[in-house]
Amino acid sequence: MKLSYSIAGKLWWIHNFLDYNMYKGIHDAIIKERKNIHLHSSKGIWQENLIENIVPPLRTEVSNYKPFERLTTLIKRNPYVQAEEDITKTVTIIHFTPKNSGINWHNDVKWKYGASFYLNHRWYQNWGGEFMFNDNNGHGWLPPLGNSLVIVKTPLMHKVNPVLSPTLPRISLQVFMRSSINPY
């Protein structure tokens, strides 16, 4: 695990987040089972402004799947998620973001943390799908590099640029976390 970029107290980009075998196991399970994963459009689930003028990503919420539960535990116990936070609610979602799909600017304000774990083994720079962020302390973009994790502490404005890959969707696992104190 290697911290590759951060904005103090707001954003952390970690490379090689999982050991290779765990990463490969999660990757292979999603790729092999992709036809059996019941993906649904985010249209009608998300606020309309998140997908205005772009193709909505496909998504499904996942629970009771041991590898994802272990991933969620590792994210919650990560040194960048503040230990004093009482994280009691987590939601794990698989996102398939096909060509022309993305997410407009938003800040995930109903959650305390959002984490994006990227699954694509390879992703070429001209395929889009970058995670963009903007804050008074910094702005920029991060590519969806396989086995990397982006942790965002809200509120931080961010978006996903539309995917341009002609063949592969951008695949990620989203883990959203909040404490029981936050009533959302």
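Now for a description of the structure that goes with this document. Just so you know, these numbers come straight off a predicted model, no measurement behind them.

Cut-off values and rules
Residues numbered from 1 in each chain as written. Predicted model: local features only at pLDDT ≥ 70, side-chain atom pairs only at ≥ 80, totals over all residues. Heavy atoms only, no water. Helix = DSSP H or I, 4+ residues; strand = E, 2+ residues; numbered from the N terminus. Buried < 20%, exposed > 50% of the residue type's maximum accessible area, 1.4 Å probe, protein only. Polar contact = N/O pair within 3.5 Å; in protein donor to acceptor, adjacent residues only side chain to side chain. Pairing = 2+ DSSP bridges. Contact = heavy atoms within 4.5 Å. Axes fitted to C-alpha atoms, helices over the stretch in contact; angles between N-to-C directions. Parallel < 35°, antiparallel > 145°, perpendicular 65-115°, else oblique. Left-handed = near helix turned anticlockwise from the far one by under 90°. Nonpolar A, V, L, I, M, F, W, Y, C, P; charged D, E, K, R; others polar. Lys, Arg positive; Asp, Glu negative; His and termini not counted. Salt bridge = Lys/Arg side-chain N within 4 Å of Asp/Glu carboxyl O. Phe/Tyr/Trp six-rings, centres within 6.5 Å; stacked < 30°, edge-to-face > 60°. Lys NZ or Arg CZ within 6 Å of the ring centre and 35° of its normal.

## A word on the overall build of the chain
When helices and strands are tallied, the chain shows two helices and 12 strands. Secondary structure elements of the chain, listed N to C terminal, follow the sequence β-β-α-β-β-α-β-β-β-β-β-β-β-β. Taken over the C-alpha atoms alone, the chain extends approximately 45 × 35 × 30 Å along its principal axes. Burial status across the chain gives 52% buried among its 184 residues.

## So, the side chain of Ser172
Take Ser172: it is sitting in strand β12 (residues 170-179). A distance of 2.7 Å separates the side chain of Ser172 from the side chain of Gln174, its partner in a polar contact.

## Considerations on unusual backbone geometry
Note that the residue after Thr154, namely Pro155, is joined by a cis bond; omega there is -5 degrees. Within the secondary structure, Pro155 sits in the loop between β10 (149-153) and β11 (157-160). A positive phi angle, near 70 degrees, is found at Asn53, a position not held by glycine. With respect to the element layout, Asn53 can be found in the loop between β3 (40-41) and β4 (58-62). The exposure class assigned to Asn53 is exposed, which follows from its relative accessible area of 77%. In this structure, Asp108 is a non-glycine residue whose phi angle is positive, near 50 degrees. Tracing the sequence through the fold places Asp108 in the loop between β6 (103-106) and β7 (113-118).

## What to know about the sheet that holds β12
An order of β1-β2-β10-β7-β12-β5-β4-β3 is seen for the eight strands of this open sheet, with the pairing classed as antiparallel. The strands lining the two open edges of the sheet, one partner per strand, are β1 (2-7) and β3. Most of the contacts of helix α1 (residues 20-33) go to β12, to which it runs at about 115 degrees, and overall it touches β5 (87-97), β7 and β12.

## Some remarks on the packing of α1 against helix α2 (residues 66-76)
Interaxial distance between α1 and α2 falls to 11 Å at its minimum, and their mutual angle equals 135 degrees. Comparing the axis directions of α1 and α2 gives the class oblique. α2 is crossed by α1, and the crossing has left-handed handedness. Counting all contacts with α1, which are made through Met22, Ile26 and Ile30, the residues of α2 involved are Pro67, Phe68, Arg70, Leu71 and Leu74. Among the residues forming the contact of α1 with α2, the class breakdown is seven nonpolar, no polar and one charged.

## Brief notes about the side chain of Arg59
You can see Arg59 is positioned in strand β4. Summary of buried charges: Arg59 has no salt-bridge partner, and the nearest side chain of opposite charge, Glu61, is 4.7 Å away.

## Concerning the packing of aromatic side chains
As enumerated under the stated definition, the model contains seven aromatic pairs in all. Relative to Trp127, the ring of Tyr124 has its centre 4.8 Å away and its plane inclined at 90 degrees; by these criteria the two rings are edge-to-face. Under the relative-accessibility criterion, Tyr124 is labelled partly exposed at 43%. Taken together, the ring pairs in this structure connect Tyr5, Phe131 and Phe133 into an aromatic cluster. Sitting above the plane of the Trp111 ring, Arg178 keeps its charged end 4.2 Å from the centroid.

Don't take any of this as a statement about function, it's just geometry.
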